[in-house]
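Breakdown of the fold
Okay, here's what each chain looks like letter by letter:
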Amino acid sequence: MFRALFEDGVLLDLPVVSMLAFFALFAGVLVWTASRRRRPHYDRMSQLPLED
Amino acid sequence: MTDTPALETRRIVYDDGIVRRFTLASVVFGLVGLLVGLLAAIQMSFWQANFDTPWLTFSRIRPLHTNAVIFALVGNMMFAGVYYSTQRLLKTRMPSDFLSRLHFWSWQAVIIGAVVTLPFGITQSKEYAELEWFLDIGVVVSWVAFAINFFWALAVRNERNLYVAIWFYISTIITIAVLYIVNNLALPVSATKSYGVFSGAQDALTQWWYGHNAVAFFLTTPILGIMYYFLPKAAGRPVYSYRLSIVHFWALVFIYIWAGPHHLLYTALPDWAQTLGMLFSLMLWAPSWGGMLNGLLTLRGAWHRVREEPVLKFFVAGVTFYGMSTFEGPLLSIKSVSALGHYTDWIIGHVHGGALGWNGFMAAGMFYWLVPQLFGTKLHSKQLADLHFWIGMVGILLYVASMWIGGITSGLLWREMTDEGTLRWLQWTEIIDKIQPMYFARSFGGFLFILGWVLMIWNLWKTATSGKAVDGEAEVRVLAPRVAAGPSTAAIVFGTPTILTVMGLVAGFMMIDSSNPVLSVVGTVFLVGVLAVTGVRAFWASRDRFRWHDMIESRPLGFTLLVVLAVLAGGLVELLPGIVLQKEVPMTASGEYAVRPYTALELEGRDVYVSEGCYVCHSQMIRPFRDEFLRYGEPSRIEESMWDHPFQWGSKRTGPDLARIGNFNGADKYPHSWHWQHMIDPRRISAGSTMPRYQWLADDRVDLADTSGKLKAMKALGVPYTDEQIEGAVDDYRRQAAEIVDALIAQGEIKADEREDKIEVQLIALIAYLQRLGDNAVVDVASGGGR
């Protein structure tokens, strides 16, 4: 069974699989950055350019 | 992290003079660079537009155009933005006015140096690294002055944590230094000529590791820093998500450096390097769009202001172009797309979407905002700025669209076959004719962009003269020097995020290693695991408990160290195997070098080719496709260019590939007389050609005083010349040249009484070189040097 798995070239898809994992992670991060409640530290930091 | 109580407050005056200087240099030199580009564009339609002048010829001014836009327009703009924002974000004046000035003047000196060398054929002929060794030293001096001043400012800052813009600047300073120095390592052979230490495939890898990351760390990261500072400022609201900017930054810095080989798909470069380049390029899409969204969403709830405020218009359009280019780039890195797009004008379109749309518009937005501040006044005319925006926008769209169409068209025509399986378009000039309308449209688009730029200069000039130079001032709380609280910097640098990254990398390599399927599966599982842990950790980190990044943000040294690690990881993986592999010399069955070093004459001819910059229109790299086989011959092999310092694979085919011009299916493709005539006037041989005339090569001489020194330098770099060859270089040169001259006399090209005169002219050497191209023995793969 494993042999067939390897010989059919399924392995070639592995980079694709992990690429999808990467994109999923990234999409997750995007959602997370948008939705989590704000941290005071971040608020202060993002005010820096507006201070002077 | 709590700040220690301030010791005192202090009034500081920022050095805005340096910002004004860089701004002026950017707009003025930028205009020159753009105009040179327009001239080059016009020459694609009218070869006569060089007015038969060597130093106005396409192959000499195209490098001037690219260097001027990158280093003068964007470089000076970036420095203006960096000096302005860094002082304010760190709440300190630049520590050394002397270093700021040294930076400014040495940078402008290098630019002037480029203007007086490149058009005169003093060039390394590596893309965006054309400047010769003595100018490279100037660049390094300038950059070091900048770096010292910048890091010194970090040391004396009055703001504990570093804002995201500063991170991007750090990554720029560090990475450009590494890239520039490594790629320009060279052995000077005279005051104006050097040979790079790398050759062939290794040089190609190094060059595109540099070239790609010059785009990344010169044209992108500093401008992103500028975006993160100036966009919120102009919009009057903070960046959309600070958290996203953290992810954006690290993902970008880490991934970018690996993507260089996407410039070399389907070349003789080893497959693993190509695949790696493609994968990382695809991954780049994600953080790039994260950054774009972060920029655009900063304007949420303020979109109505975009309509009224030209500054915001330019920023919004600029960031959108960033998104387009960073979508198109990964797309072009997919092998099958690259197969069509590479070597065509599509790439030129891609570059200009970035250069004009992203860099040009971000620059304009920044200047429209900055100049009124720097002169304590209001912008002279918003209407004029609006007009600039629209003219520029139409210009860019026209430019990009025409290059898309032109590029894809030529890509398709190159490969089109007849029913009998032969090439449908054998005549190169027929293909060029078909895309001529696109070249006209492109020139017009470029013209419009320049028109907009001129409007801007006028507008900024009126603004500046309506006010007077003022330097910003601020009351700052002086930060007590102290050891940062919490774990040691080392503990943070080598903390969990770093460990996870390393584990992810190891897993990635296991996965890609196709020689062992079990390892690949394990690697994949491992990688997914690492990604999952990272996700979970990031999630938990948001509970205010985990503040790894807060800590690293307040420690410039640790931060910089992490950037270095991130950048070196990709750099080493890409470069080291190339450096190790390259020195295997392939042998023929009879025990000779399969690749003969160039004779003295051929080497000098090659230097003429390099000096004239023929690589801007001709590639020397045949890809393994049927149409290229029919048109140019066997695919190029990696060892064929192994003695080439520098490699001349090229990136654009305005003319045909030349890798086998001297040996097409076993014989010279053309006789010497063909080349002699063609170089003096291409249209004598090839009606409708757009190649410039190089008639001066038939009169200008090679300086034979340098010849043996050149062979000697090559030997020092590893090319197997014997001592006899080096000593007898000049005699050997004259003997081989005389053969070609005699052949040309026999063919009626040269008069018999000019024989002595012509032996030393550059064109004879160039012909010898062209006739040599493709003349290397085919080697058994077993004897090394192959893929």
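Residues numbered from 1 in each chain as written. Chains lettered and ligands numbered in written order. Predicted model: local features only at pLDDT ≥ 70, side-chain atom pairs only at ≥ 80, totals over all residues. Heavy atoms only, no water.

**Side note on the domain arrangement of chain B**
Residue and element names in this part refer to chain B. Selection criterion: Domain delimitation follows an automatic or database domain assignment. Only heavy atoms enter the contact rule, under which two residues are in contact if any of them lie within 4.5 Å. Summed over both partners, the accessible area (1.4 Å probe) lost when two parts come together is defined as the buried area. Throughout this description, the term salt bridge denotes a Lys or Arg side-chain nitrogen within 4 Å of a carboxyl oxygen of Asp or Glu. For the purposes of this entry, the term helix denotes a DSSP run of H or I that reaches at least four residues, the term strand denotes a run of E that reaches at least two, and both are numbered from the N terminus. Ten residues, namely Ala, Val, Leu, Ile, Met, Phe, Trp, Tyr, Cys and Pro, are considered nonpolar, four, namely Asp, Glu, Lys and Arg, are considered charged, and the remaining ones, Gly among them, are considered polar.
What the domain assignment reports for chain B is domain 1 (6–471), domain 2 (494–574) and domain 3 (600–786). A straight line from the C-alpha centre of domain 1 to that of domain 3 covers 34 Å. Tallying the contact residues gives 62 residues for domain 1 and 58 residues for domain 3. Interface area for domain 1 against domain 3, summed over the two sides, is near 4900 Å², with a carbon-plus-sulfur share of 62%. Among the residues domain 1 hides against domain 3, the three largest losses belong to W47, Y195 and Y343. Together they make up 17% of the total. Seen at the junction of domain 1 and domain 3, the total is four salt bridges. Put simply, D52 and R693 hold a salt bridge, and the shortest N to O gap is 2.9 Å. At the level of secondary structure, the elements contributing two or more residues to the side of domain 1 that touches domain 3 comprise α2 (58–90), β2 (186–190), β3 (193–196), α6 (200–217), α12 (335–341), α13 (345–374), α14 (382–415) and α15 (428–466). In the side of domain 1 that touches domain 3, the residues fall into 32 nonpolar, 20 polar and 10 charged.

**Regarding the interface of chain A and chain B**
By a widespread convention, an interface's size corresponds to the accessible area lost as its parts come together. Tallying the contact residues gives 31 residues for chain A and 48 residues for chain B. A per-residue breakdown of the area chain A buries against chain B is headed by W32, R39 and Y42 of chain A, which together make up 15% of the total. Across the contact surface, chain A and chain B share two salt bridges. The salt bridge involving K91 of chain B is made with E51 of chain A; its shortest N-O contact spans 2.8 Å. Elements represented by at least two residues in the side of chain A that touches chain B include exactly α2 (14–35) and α3 (40–47) of chain A. Here the side of chain A that touches chain B takes 14 residues from α2 of chain A, the largest share from any one element. Residues of the side of chain A that touches chain B, tallied by class, amount to 19 nonpolar, five polar and seven charged.

**Digging into the packing of helix α23 (residues 672–680) of chain B against helix α27 (residues 729–746) of chain B**
Residue and element names in this part refer to chain B. Threshold: Lines fitted to the C-alpha atoms define the axes, with helices restricted to the stretch that makes contact. Angles between their N-to-C directions range from 0 to 180 degrees. An angle below 35 degrees is read as roughly parallel, one above 145 as roughly antiparallel, one from 65 to 115 as roughly perpendicular, and any other as oblique.
At a minimum axis distance of 9 Å, the contact between α23 and α27 shows a crossing angle of 85°. With respect to α27, the axis of α23 lies roughly perpendicular. Across the interface between the two elements, H672, S673 and W676 of α23 pack against I740, A743 and L744 of α27. For the contact of α23 with α27, the per-class residue count stands at four nonpolar, two polar and no charged.

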